[in-house]
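Analysis of the macromolecular model
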Amino acid sequence: MFVSRLALRLFVASSLALVACAGERTPVKQSSAVRVDDFGDSVEIAPAARIASLSPTTTELLFTIGAGARVVGRTSYDEWPAEAKRVPDLGPGIRPNVEAILAAHPDLVVLYAANANRDAARALRAAGVRTIGLKVDRIADFRRATALLGAVAGDSAGAQAVIDSVQGTLDRVRTATASLHHPRVAWQLWDTPLLVLGSGSYQHELVDIAGAENVYADDTKPNTQTSLEDLIRRDPDIILTDSSRAAAIRRSSRWRGVRAVREGHVLAVDDETSSRASVKLGMAAVRLARLLHPEANIR
Amino acid sequence: MTLRRGGRPLLWLGLSTALVALAVAGIAIGTIALSPGAVWAALLGRGDATTITVVRDLRAPRVALAALVGAGLAMSGAALQGILRNPLAEPYLLGVSGGAAVGAVLAVVAGATSAGLVPLAAFVGAVAAVSVALLVARAVGGRADPRLLLMAGVVVGAFANAAIMIVLANAPADTLRNATWWMMGSVAGAEWSGVRWLALYIAAGGLLLVVRARDVDVLSLGEDSAAALGVRVEQSTRAVYLIAALVAAATVSAAGLVGFVGLMVPHLVRAAGVRSHRSLLAGSAIAGAGLVIGADLLARTLLPPAELPLGAVTALLGVPFFLARLRTLA
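Cut-offs applied
Residues numbered from 1 in each chain as written. Chains lettered and ligands numbered in written order. Predicted model: local features only at pLDDT ≥ 70, side-chain atom pairs only at ≥ 80, totals over all residues. Helix = DSSP H or I, 4+ residues; strand = E, 2+ residues; numbered from the N terminus. Buried ≥ 20, exposed ≤ 12 C-beta atoms within 10 Å, placed from the backbone. Pairing = 2+ DSSP bridges. Right-handed = clockwise from strand over helix to strand, strands pointing away. Domains from an automatic or database assignment. Axes fitted to C-alpha atoms, helices over the stretch in contact; angles between N-to-C directions. Parallel < 35°, antiparallel > 145°, perpendicular 65-115°, else oblique. Left-handed = near helix turned anticlockwise from the far one by under 90°. Contact = placed C-beta atoms within 7 Å. Nonpolar A, V, L, I, M, F, W, Y, C, P; charged D, E, K, R; others polar. Core = buried A, V, L, I, M, F, W, Y, C linked by C-beta atoms within 7 Å.

Details of the overall build of chain A
Check the secondary structure of chain A and you find 13 helices and twelve strands. Looking at chain A as a whole, 46% of its 299 residues are labelled buried.

Details of the pairing of strand β6 (residues 130-134) of chain A
All names here are of chain A. Burial runs high along β6: four of the five residues are buried. Sheet topology places strand β5 (residues 108-112) next to β6; five bridges connect them, and they run parallel. Bridged to tyrosine 112 within β6 is leucine 134. Following the chain from β5 across helix α5 (residues 118-126) to the adjacent parallel β6, one finds a crossover that is right-handed.

Re the domain arrangement of chain A
Residues and elements named next belong to chain A. For chain A, the assigned domains are domain 1 (31-154) and domain 2 (180-292). If you average the C-alpha positions of domain 1 and of domain 2, the two centres end up 30 Å apart. Of all the elements in the fold, those that place two or more residues in the side of domain 1 that touches domain 2 are α3 (56-65) and α6 (139-152). Top contributing element to the side of domain 1 that touches domain 2 by residue count: α3, with five residues.

Some remarks on the packing of helix α12 (residues 261-271) of chain B against helix α14 (residues 310-329) of chain B
Residue and element names in this part refer to chain B. α14 packs onto α12 with a crossing angle of 45 degrees between their chain directions and a minimal axis gap of 10 Å. Relative to α14, the element α12 is oriented oblique. Between α12 and α14 the crossing geometry is left-handed. Note on element contacts: α14 touches α12 through Thr314, Gly318, Phe321, Phe322, Arg325 and Thr328, opposite Val261, Met264, His267, Leu268 and Ala271. Of the residues that constitute the contact of α12 with α14, the class distribution is six nonpolar, four polar and one charged.

Notes on helix α8 (residues 202-209) of chain A
All names here are of chain A. Counting buried residues along α8, seven of its eight residues qualify, which places the element largely inside the surrounding structure. Taken together, the buried positions of α8 are Tyr202, Gln203, His204, Glu205, Leu206, Val207 and Ile209. Looking one or two places after α8, you find glycine 211, whose phi comes out positive at around 85 degrees.

Focus: the nonpolar core
Ranked by size, the top nonpolar core spans 193 residues in total, and within it Ala285(A), Leu65(B), Val96(B) and Ala249(B) carry the most contacts. Looking at this core, you find at least three residues from each of domain 1 (31-154) and domain 2 (180-292) of chain A. With sequence-adjacent residues up to four places away left out, Val96(B) is seen in contact with Pro91(B), Ala126(B), Ala129(B), Val130(B), Ala245(B), Ala248(B), Ala249(B) and Val252(B).

Section: the packing of α8(A) against helix α13 (residues 281-292) of chain A
Residue and element names in this part refer to chain A. Where α8 contacts α13, the two axes come as close as 9 Å, and the packing angle between them is 50 degrees. By the angle class used here, α8 and α13 are oblique. You can see that α8 and α13 cross each other, and the crossing is right-handed. Together, Tyr202, Leu206 and Ile209 of α8 and Leu281, Ala284, Ala285 and Leu288 of α13 make up the contact between the two elements.

Some points on the interface of chain B and chain A
Residue-level contacts link 23 residues of chain B with 19 residues of chain A. Elements represented by at least two residues in the side of chain B that touches chain A include exactly α3 (49-84) and α7 (173-184) of chain B. Residue composition of the side of chain B that touches chain A, by class: ten nonpolar, nine polar and four charged.

A few points about unusual backbone geometry
Residue Pro81(A) is bonded to the preceding Trp80(A) through a cis peptide linkage, with omega at -5 degrees. For Pro81(A), the location among the structural elements is in the loop between β4 (71-73) and α4 (98-103). Across the junction of Pro304(B) and Pro305(B), the peptide omega takes the value 0 degrees, indicating a cis bond. A positive phi angle, close to 50 degrees, is found at Arg95(A), a residue other than glycine. By the secondary structure assignment, Arg95(A) is in the loop between β4 and α4.

Observations regarding the sheet that holds β5(A)
In a beta sheet, neighbouring strands are held together by backbone hydrogen bonds and run either parallel or antiparallel to one another. All names here are of chain A. Spatially, β4-β3-β5-β6 is the arrangement adopted by the four strands of the open sheet, whose pairing is parallel. Lying at the two open borders of the sheet, with one neighbouring strand each, are β4 and β6. Mean inter-strand twist for the sheet, computed between neighbouring axes without regard to direction, equals 30 degrees. Looking at chain direction, strand β3 (residues 51-54) and β5 are connected through four bridges and run parallel. If you follow isoleucine 51 over to β5, its bridge partner there is leucine 108. Against the sheet, α5 engages β5 and β6, with an angle of about 160 degrees to β6.

Structure follows, in structure tokens:
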């Protein structure tokens, strides 16, 4: 069902791409455009034949767009889709091994735009390899990164179809949950130190779309350090966390001070879909909405 | 030998009062504002469920763990400075922290998620490091030479640090954060089960050190004097070294690395005029407990709701006192 919907959207999107020429995402303009990447550097957006993709998100996106055959290198952590594992492993994505990347002879390197990667970007450019830094923290970043990767992979229409498919699912979930009661939630991301979801990340947007209210929305960072006492004071209705931590919270005597825990409202978020702002965002929103609103029939 | 504790009633009264006051503050103050009456009621198990959990399961075990960690480290430092006759001797200099960190980091990297595994690995690492230091000193010198023990400990610690850097160099961000946070020290995760276990351990170790305090008094005068006074120098030195290291290892496994306490607290207590090691151990235990309770209180209230690393706060608090002490020594 998902595939047929994707195919439909692909069809719609490609027809649209043929007629629509306004906006920055038209293929003609992109083929020779210069853009500023997330490092703040100017990069030429022209099709690339050999791409080294050094973050799990961009690797996922390239394979989903259909540009998997152009990927000549990935990080040790890129494990989806399964075909990606057949691409040579170039090591870590943060402070990568520049020599190993050059040995793969890429004509484009996509790095995660972390400060720790600036030196590598500089070295790669000095070696004459086009390098793009991308930071995918929000849903808007996902759209931007997908469009950009579509342009460099020479398939902007395919990229737009992926964007539209994901966006369509997100919109559908938002509509389905709009009239439901929005519980107040805190999403625990880490235990020592205690980190919870702030409002600066796609996961916060997912919570919003799935019909809930993040009690730490006032903190604009992607995640924020807090204390159990502060969590108790904010008094969420539901604690979201990953499956391994949920059991620990239910067992812990320290967490009993949190009303949501006493009332048994500790929910394990689906780790597989919600771990990055990528092609599974739509699925993540559906699963999160079902978790938060089991009584509603969300498809 | 001057072992008359009664000679300084004001010092003991002051130290004990400060400890009690800090412990009360540690239980009464936090992110959630509670009236003294509510805190007292919660301690007795009355009031609403949330307040009772905050006081009895969040703050109280935290204060207790901080006290035990401080007391253990300070006693360990006092004993080591005595037997090694070196003012810089402290458990963390002697490979205890390095060994514990290697154990903990390996456990974290191996993906240990169960709460009990990291402390256990840290303890095993610390014991291994101390054993290696003792074996090295023995192989090189054949006797419990304080200089050799000290240097063997430093070398083992340096080796451990190198190992940690290699293990962490390629670790993913999550692992790095876990390991770094552990190395900065924290009592935020205190639970009564862990506190009870550590209490037993620190009490036993502390008692053993106090029993050996007379030997330490004599050893601190020098090997020859000690031998002349009938102390079995080698055996005593090794025993005290091992007990002090094990006490420190237990604190590290419970709260990570809380720096500076073992080095600083014994000096401060000595600055107050305490000379005999029995008194020094007792005074260091009380002062160390108070210092870490106070540091933890600051760590969690200075920048709420975030918490500062406990090890950094103990050092920041301690450095001014320590500098003042250096002035009096110079």
